[in-house]
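The primary structure of each chain is shown beneath.
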Amino acid sequence: DEARASFKDLASYLEEYVSQNPRVSHIKDPISHVRDQIKDALATVAHIYRDLSFSVNVKNHGRKMCSAENGFAFLGADFMVDSDLKVWITEMQSGPGLSHDSETTRENFAIVLPGIFEVLKEVRAREMSGELISEMESPNTWELIYKDNFRFTYSGGNGGS
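Everything numeric here is computed off the predicted structure, so don't read it as measured data.

A. Fine view of the pattern of salt bridges. What the rule picks out here adds up to 5 salt bridges. When the shortest N-O distance is used, the salt bridge between D36 and K39 registers 3.2 Å. In this pair, D36 and K39 are both assigned in helix α2 (residues 30–48), 3 residues apart and thus about one turn of the helix distant. Here R126 ties to E131 by a salt bridge, and the two come within 3.3 Å at their closest N and O atoms. Taken together, the salt bridges that share partners define one network made up of E122, R126 and E131.

See below:
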């Protein structure tokens, strides 16, 4: 359980780490710096696996049509952050880990799960009515990081967002 932390805990740790390490002192908002790298990595994975994840078996003049629009998934990923605050993907999972094997996980899920259910309800309603999910109203703290013609990217050049 001590190896798991909330984003609030991570933010506090990163602020202290940056203040004590001149090598990374140029990073003005370390939690945004780390979070934006995670979003960039996840969007990149979605893009790479686009044809597998969002393909539709509809033929149009002999071509397989593929669209990320209204393709939807919750994925899981494990990350490491190195001493330069560079984020590395260590593992991708086909779904979020939903075990409640630690107090930190239970606390994080109490925050995250209500938002997941709101997103899922809206996704389902939009799918049933033929509306685009990229124009959702309920994401709250959720962000769209990938769709056709859009992929979240982070250069990291400004020292944090």
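B. The arrangement of the packing of aromatic side chains in detail. If you walk through the whole model with that rule in mind, you get 1 aromatic pair. Plain terms: the ring middles of Y13 and Y17 are 6.1 Å apart, the flat faces sit at 20° to each other, and that makes the pair stacked. Here the residue Y13 and the residue Y17 both occupy positions in helix α1 (residues 7–20), the gap between them amounting to 4 residues, near one helical turn. Overall, the relative accessible area of 52% leaves Y13 in the exposed class. Sitting above the plane of the W88 ring, K86 keeps its charged end 4.9 Å from the centroid.

C. Focus on unusual backbone geometry. Of note, the phi angle at L85 is positive, near 65°, even though the residue is not glycine. In this structure, L85 sits in the loop between β3 (76–81) and β4 (87–93). Owing to a relative accessible area of 2%, L85 belongs among the buried residues under this scheme.

D. Just the confidence of the model for the chain, in detail. Per-residue confidence for the chain gives a mean pLDDT of 78; residues scoring 70 or more make up 70%. Mean pLDDT values over the elements of the chain span from 52, in strand β2 (residues 63–66), up to 92, in α1.

Cut-offs applied
Residues numbered from 1 in each chain as written. Predicted model: local features only at pLDDT ≥ 70, side-chain atom pairs only at ≥ 80, totals over all residues. Heavy atoms only, no water. Salt bridge = Lys/Arg side-chain N within 4 Å of Asp/Glu carboxyl O. Helix = DSSP H or I, 4+ residues; strand = E, 2+ residues; numbered from the N terminus. Phe/Tyr/Trp six-rings, centres within 6.5 Å; stacked < 30°, edge-to-face > 60°. Buried < 20%, exposed > 50% of the residue type's maximum accessible area, 1.4 Å probe, protein only. Lys NZ or Arg CZ within 6 Å of the ring centre and 35° of its normal. pLDDT = per-residue confidence, 0-100.

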